[in-house]
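# Structure assessment
Next come the chains, spelled out residue by residue.
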Amino acid sequence: MKILFATNNAHKLAEVSAVLGPQFTLTTPREAGIAEDIPEDQPTLEGNALQKARYIHARTGLDCFADDTGLEVEALGGAPGVRSARYATDGHDFAANNRLLLRNLEGCGNRQARFRTVIALILGGEEHLFEGIVEGRIDTREAGCGGFGYDPLFIPDGFACSFAEMSAEEKNAVSHRGRAVRKLAEFLHETIERS
Ligand code: ITT
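Summarised in this report is the structure supplied together with it. Since we're looking at a predicted model, the values are computed, not measured. (Residues numbered from 1 in each chain as written. Predicted model: local features only at pLDDT ≥ 70, side-chain atom pairs only at ≥ 80, totals over all residues. Heavy atoms only, no water.)

Turning to the pattern of salt bridges, a few remarks are in order. Applying the stated criterion across every chain yields a total of 14 salt bridges. Note that Arg59 is salt-bridged to Glu36, the shortest N-O span being 2.3 Å. Here the residue Arg59 occupies a position in helix 2 (residues 45-60), and Glu36 occupies one in the loop between strand 2 (25-27) and helix 2, the gap between them amounting to 23 residues. You can call Glu36 partly exposed: its relative accessible area is 31%. Ionic pairing is found between Glu135 and Arg114, a salt bridge with its closest N-O pair at 3.9 Å. Of the two residues, Glu135 is situated in strand 6 (residues 126-138) and Arg114 in strand 5 (residues 112-123); the sequence distance between them amounts to 21 residues. Here Arg114 falls in the partly exposed class, since its relative accessible area comes to 26%. Through salt bridges with shared partners, one network takes in Lys12, Glu15, Asp67, Asp151, Lys171 and Arg177. (Salt bridge = Lys/Arg side-chain N within 4 Å of Asp/Glu carboxyl O. Helix = DSSP H or I, 4+ residues; strand = E, 2+ residues; numbered from the N terminus. Buried < 20%, exposed > 50% of the residue type's maximum accessible area, 1.4 Å probe, protein only.)

What follows concerns the environment of Gly146. Tracing the chain through its elements places Gly146 in the loop between strand 6 and strand 7 (154-156). For Gly146, a relative accessible area of 25% translates into the label partly exposed. Spatially, the C-alpha atom of Gly146 lies 23 Å from that of Ala6, the residues being 140 residues apart in sequence.

Following this line, the structure appears as structure tokens:
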């Protein structure tokens, strides 16, 4: 099955296609002729995921899905949350975001945090949402060079290392996105079997 993934983030694309497996061929907005940034200015992850999927669906008419993810840090009242991409600057500056997060948590004993992913799917014109959450904590220093974004700072519960120190398979097995994508995959398999 061919399905369009409304993302410009190459890391996400690799993670999601590894979880979905060879039965699904993912295409990108660029391959569908959409070069501009996809708007995401809603106040919630759900709103942004739907906004991205609806934008691409309106432009192409194709079945598609989008993911919006936020890092929710307890001691910061859930920030950066929906503003995770633009926490420190207007761009997607991962290094600046990580530096700001460490600074804002300096001396803070409560390092509890979670990643939350919401996937919005538009299939046959109908909308469906899937959520994935992983609980963990923010380390006091960056470790590892795998993954992307806040991965060098995030240690999932039950582990002693950051997401950036794990292989792609290890991260996908426990991550927010891995969990949400497995729900998406199950739904797509059931839909294919029914048709
Ligand atoms: P698209 O909107 O094009 O899909 P994006 O990079 O803007 O890509 P999001 O808005 O969903 O993606 O993610 C917001 C930010 O959260 C992202 O820029 C990263 O800094 C961070 N992030 C998302 N998923 C992550 C992950 O699995 N590990 C670490 N950080 C992540």
